Amino acid sequence: MIFEMPSCGGCRTCEMACSFRHKGQFIPSVSSIKIIDKKGEPGYVVSIAEIHDNETIACDCFAKQHTPLCIEHCIKSKDLGQIFKDFIEKTISNDPIED
Ligand code: SF4
Ligand code: SF4
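This report concerns the structure included in the present document. Since the model is a prediction, treat every value here as computed from it, not as a measurement. (Residues numbered from 1 in each chain as written. Chains lettered and ligands numbered in written order. Predicted model: local features only at pLDDT ≥ 70, side-chain atom pairs only at ≥ 80, totals over all residues.)

### Some points on the site of ligand 2
So, step 1. In the vicinity of ligand 2, the contacting residues are Ala17, Cys18, Arg21, Ser32, Ile33, Cys59, Asp60, Cys61, Phe62, Pro68, Leu69 and Cys70.
So, step 2. Those elements giving two or more residues to the shell around ligand 2 turn out to be α1 (13-23) and α2 (69-72).
So, step 3. Sort the elements by how many residues they give to the shell around ligand 2 and α1 lands first, with 3 residues.
So, step 4. For the shell around ligand 2, the residue count by class is 9 nonpolar, 1 polar and 2 charged. (Near = placed C-beta within 6 Å. Helix = DSSP H or I, 4+ residues; strand = E, 2+ residues; numbered from the N terminus. Nonpolar A, V, L, I, M, F, W, Y, C, P; charged D, E, K, R; others polar.)

Put into structure tokens, the structure is as follows:
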């Protein structure tokens, strides 16, 4: 699922943080969050994985942790946090999570 994030500076710390959360190492390719360049336009696109896809691991901790590592280490944590709230709302409305 993708979201516009005009305030994102493209540092990709969130990718590193997420890969550390999954693997205990900094391997951005496994991160559930991907930062996509908008090629000349301000801000970046944030992609959050809903399913495992090749090396990418589905996002699985936002709903379980008060402040996941990706948000904790983002300099625009408030904006990224809002994106995750939208992600969870859309995920639940599209495909209810089973107990
Ligand atoms: S850590 Fe925040 S500012 Fe940096 S790339 Fe990720 S979302 Fe953007
Ligand atoms: S909420 Fe957790 S699993 Fe999802 S992108 Fe952030 S650190 Fe990764």
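That was the structure; now back to the text.
### A word on the site of ligand 1
So, step 1. Taken together, 15 residues are adjacent to ligand 1, and Cys8, Cys11, Thr13, Cys14 and Cys74 come closest.
So, step 2. Counting only elements with at least two residues in the shell around ligand 1, the list comes to α1 and β3 (44-48).
So, step 3. For the shell around ligand 1, the residue count by class is 10 nonpolar, 3 polar and 2 charged.

### As for the sheet that holds strand β2 (residues 33-37)
So, step 1. Spatial strand order, β1-β3-β2: 3 strands in an open sheet with antiparallel pairing. A single partner strand is all that each edge strand has here, and the edge strands are β1 (2-5) and β2. Neighbouring strand axes in the sheet, compared pairwise and without regard to direction, differ in orientation by 30° on average.
So, step 2. By the bridge criterion, 4 bridges tie β1 to β3 in an arrangement that is antiparallel. Across the sheet, the residue bridging to isoleucine 2 is serine 47, located in β3. (Pairing = 2+ DSSP bridges. Axes fitted to C-alpha atoms, helices over the stretch in contact; angles between N-to-C directions.)

### Regarding the nonpolar core
So, step 1. Core analysis: the biggest nonpolar cluster contains 17 residues, and Cys14, Ile33, Val46, Cys70 and Leu80 have the highest contact counts within it.
So, step 2. Of all the secondary structure elements, the ones that give two or more residues to this core are α1, β3, α2 and α3 (77-94).
So, step 3. Not counting the four nearest positions on each side in its chain, cysteine 70 is found in contact with Cys14, Ala17, Cys18, Ile33 and Leu80. (Core = buried A, V, L, I, M, F, W, Y, C linked by C-beta atoms within 7 Å. Buried ≥ 20, exposed ≤ 12 C-beta atoms within 10 Å, placed from the backbone. Contact = placed C-beta atoms within 7 Å.)

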